[in-house]
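Notes for the structure review
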Amino acid sequence: MNNEIAFPRHTIFLYTEEDNGGRLIESPVIGLINDYSGDRLLVVRDPYNDLKFVYRVDFDTYNLEAVGIVHLTDEQFDSRGSVEIEHLIYRLNSAEQAIRHLRKRTHWIQDKSSAMSVLLHYTASRRQKLSMPRSIDRDKVLVIPPDTPVETLEEIIASRNAAAASEAMENNTPSTPQDFTGHFQEQEDDTPR
């Protein structure tokens, strides 16, 4: 498991739509990327697959609109350096700056159409790119429904650890079960009486 996700310093609750309804997922905030136009883009790690999504923040609708996926480390954001992506230079800022940029609001809505579009583009190219991809036409969610289930980072990490332990156990079990009782019975029968 990735140790970087074990003890995040800053998190938000991101409302994500699922086929069986929505849920609020606690997600680590990694930092900010300042793009060439002066926009500040938020970087949030998906706790299920460790992908680092880059979002444009819409303060009017409280939506986070995905614009890309990056492979930058927490240290790069903490150092407040610069990075080149697709021949453009971007300035990085820390997770603390990102939380300030969000005006300390903790609950946000992931724009599903932009997130799916970015994920499809990334899956096809496996390259870092920051641009508004062609969006799937659909209405934005503007309100987080009451009684939305919440998944904390602690619960997600625990389930990931349990799945990893289960997989490790499956990989370590022998392919044919050993019957130890037969072994002892054979020895017992060979002994003189």
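Residues numbered from 1 in each chain as written. Predicted model: local features only at pLDDT ≥ 70, side-chain atom pairs only at ≥ 80, totals over all residues. Heavy atoms only, no water.

**Notes on the environment of S27**
Structurally, the position occupied by S27 is in strand β2 (residues 21-34). According to the relative accessible area criterion, S27 is buried, its value standing at 3%. Remark: the alpha-carbon pair of S27 and L14, spanning 13 residues in sequence, is separated by 6.8 Å. Residues contacting S27, with those up to four places away along its chain left out, are H10, T11, I12, L14, V44, R45 and P47. (Helix = DSSP H or I, 4+ residues; strand = E, 2+ residues; numbered from the N terminus. Buried < 20%, exposed > 50% of the residue type's maximum accessible area, 1.4 Å probe, protein only. Contact = heavy atoms within 4.5 Å.)

**Remarks on the pattern of salt bridges**
What the rule picks out here adds up to eight salt bridges. The residue D39 makes a salt bridge to R56 at a minimum N-O spacing of 3.7 Å. Of the two residues, D39 is situated in the loop between β2 and β3 (40-45) and R56 in strand β4 (residues 52-58); the sequence distance between them amounts to 17 residues. In this structure D39 comes out as partly exposed when scored by relative accessible area, which is 33%. Note on R56: relative accessible area 25%, which makes it partly exposed. Note that R45 is salt-bridged to D74, the shortest N-O span being 3.3 Å. (Salt bridge = Lys/Arg side-chain N within 4 Å of Asp/Glu carboxyl O.)

**Some remarks on the packing of aromatic side chains**
Following the criterion strictly, the structure yields three aromatic pairs and no others. On the numbers, 6.0 Å between centres and 20° between planes, the contact of F53 with Y55 is stacked. Residue F53 shares its accessibility class with Y55, and that shared class is buried. Judged by centre distance (5.8 Å) and plane angle (70°), the ring pair of Y62 and W108 falls under edge-to-face. In this pair, Y62 is assigned in the loop between β4 and β5 (63-70) and W108 in strand β8 (residues 107-110), connecting sequence segments 46 residues apart. Using a relative accessible area of 0% as the deciding quantity, one classes W108 as buried. Cluster of aromatic residues (ring-pair linked, three or more members): F59, Y62 and W108. The ring of Y62 carries R105 above its face, with NZ or CZ at 3.5 Å from the centroid. (Phe/Tyr/Trp six-rings, centres within 6.5 Å; stacked < 30°, edge-to-face > 60°. Lys NZ or Arg CZ within 6 Å of the ring centre and 35° of its normal.)

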